[in-house]
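Commentary on secondary and tertiary structure
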Amino acid sequence: MTTQVQHGTTRKKINVTVVKLGGSLTSHAADIIPVLRAARRPLLIVPGGGAFADLVKQSGSEADAAHWMACAAMDQYGRLLAAQGIKTTTRLAVPQHPRVLLPYCALRRYDPLPHSWDITSDTIAAWVAGRLGGDLLVLKSVDGITAAGKLLTLVKKPVTTNVVDPYFIPYVLEHRIRAFILNGTDTTRICRWFEGERVCATGIGTTF
């Protein structure tokens, strides 16, 4: 039996959806971006660091330098995603049309998170969602978070996982952000999620 979770948008007004699109989905971006571009809702895409962030890790730079280099790597990956046919923005604001956020300038302005490799673009995307009062859709190359070989449909307390960074779940719970982890390699599933259908995914939060 397939485990499913409904994305649960029960609000009368659909707020912005922040979408984290990570480097593990680089080869699928050409299929994913048109789906996001066609979404009938305000959408802000937060890029991962991808191969650009991997180079920062390999550089062996000290913590502060590595942090800002990794943030700049997100901008680089964001431009790579934008080449698939979607515009970029540096504004931390709800866009009228789907946009790829280049987050470096906003992160330099607010500097909201500790400088550590325990914090990746996953938590940065959660911070963006919290700032804008929106839901967060994290697209990964897996179905969600598992425990004992089973998909967790809803996470309401911190769990150990390598699907997201260690800071992510505590941050989402503390800031009461409704987050969802979904397999981005299945574009049909993404479309169904946007339509409010029940899909195989992990929901994180206490406000469902």
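Quick summary incoming for the structure in this document. For clarity, every value in this text was computed on a predicted model and none was experimentally measured.

**A closer look at helix 2 (residues 50–59)**
Of all the positions in helix 2, only Gly 50, Ala 53 and Val 56 are classed as buried. Along the long axis of helix 2, the arc covered by the buried residues comes to 100°, so they all point the same way. In helix 2, the exposed positions angled more than 90 degrees off the buried face are occupied by Ala 51, Leu 55 and Gln 58. Check the buried side of helix 2 and you find it contacts helix 3 (63–82). Following helix 2 by one or two positions, Gly 60 has its phi on the positive side, about 70°.

**Details of the pairing of strand 2 (residues 17–21)**
When you tally the buried positions in strand 2, you get five out of five residues, the bulk of the element. In strand 2, alternate side chains face the same way, and those of Thr 17, Val 19 and Leu 21 on one face and Val 18 and Lys 20 on the other are all buried. Pairing analysis gives five bridges linking strand 2 to strand 3 (residues 43–47), with the strands arranged parallel. In the sheet register, Val 18 faces strand 3, and the bridge partner there is Leu 44. For the crossover from strand 2 across helix 1 (residues 29–37) to strand 3, the handedness is right-handed.

**Notes on the nonpolar core**
Membership of the largest hydrophobic core comes to 33 residues, with the highest contact counts inside it found for Val 128, Leu 136, Phe 168, Ile 169 and Ile 204. Elements with a contribution of two residues or more to this core: strand 3, helix 3, helix 5 (121–132), strand 6 (135–140), helix 6 (168–174) and strand 10 (179–183). Per-element accounting of this core gives the leading share, seven residues, to helix 5. What Val 128 contacts, discounting residues up to four positions off in sequence, is Val 18, Leu 44, Val 46, Leu 92 and Leu 101. Core analysis: the next-biggest nonpolar cluster, separate from the first, contains 25 residues, Ile 32, Ile 190, Val 199 and Ala 201 among them.

Thresholds, definitions, all that
Numbers given for residues are sequential positions, taken from 1 along each chain in its written order. Since the coordinates come from a predicted model, pLDDT governs what is reported: local features require at least 70, and pairs of side-chain atoms require 80 or more to be given and counted, while whole-chain, interface and lining totals use all residues. Hydrogens are left out, water is left out, and the side-chain values use all remaining heavy atoms of the structure. Burial classes follow relative accessibility: with a 1.4 Å probe on protein chains only, a residue under 20% of its type's maximum area counts as buried, one over 50% as exposed, and anything between as partly exposed. In DSSP terms, a helix is any run of H or I states spanning at least four residues, a strand is any run of E spanning at least two, and both are numbered starting from the N terminus. The arc in question is traced by the directions running from the helix axis to the C-beta atoms. Whether two residues are in contact is decided by their heavy atoms: any pair within 4.5 Å suffices. A pair of strands counts as paired when DSSP detects no fewer than two bridges linking them. Crossovers are marked right-handed if the path from the first strand over the helix to the second runs clockwise, as seen with the strands pointing away from the viewer. For our purposes a nonpolar core is just a set of buried Ala, Val, Leu, Ile, Met, Phe, Trp, Tyr and Cys residues, chained together by side-chain atoms within 4.5 Å.

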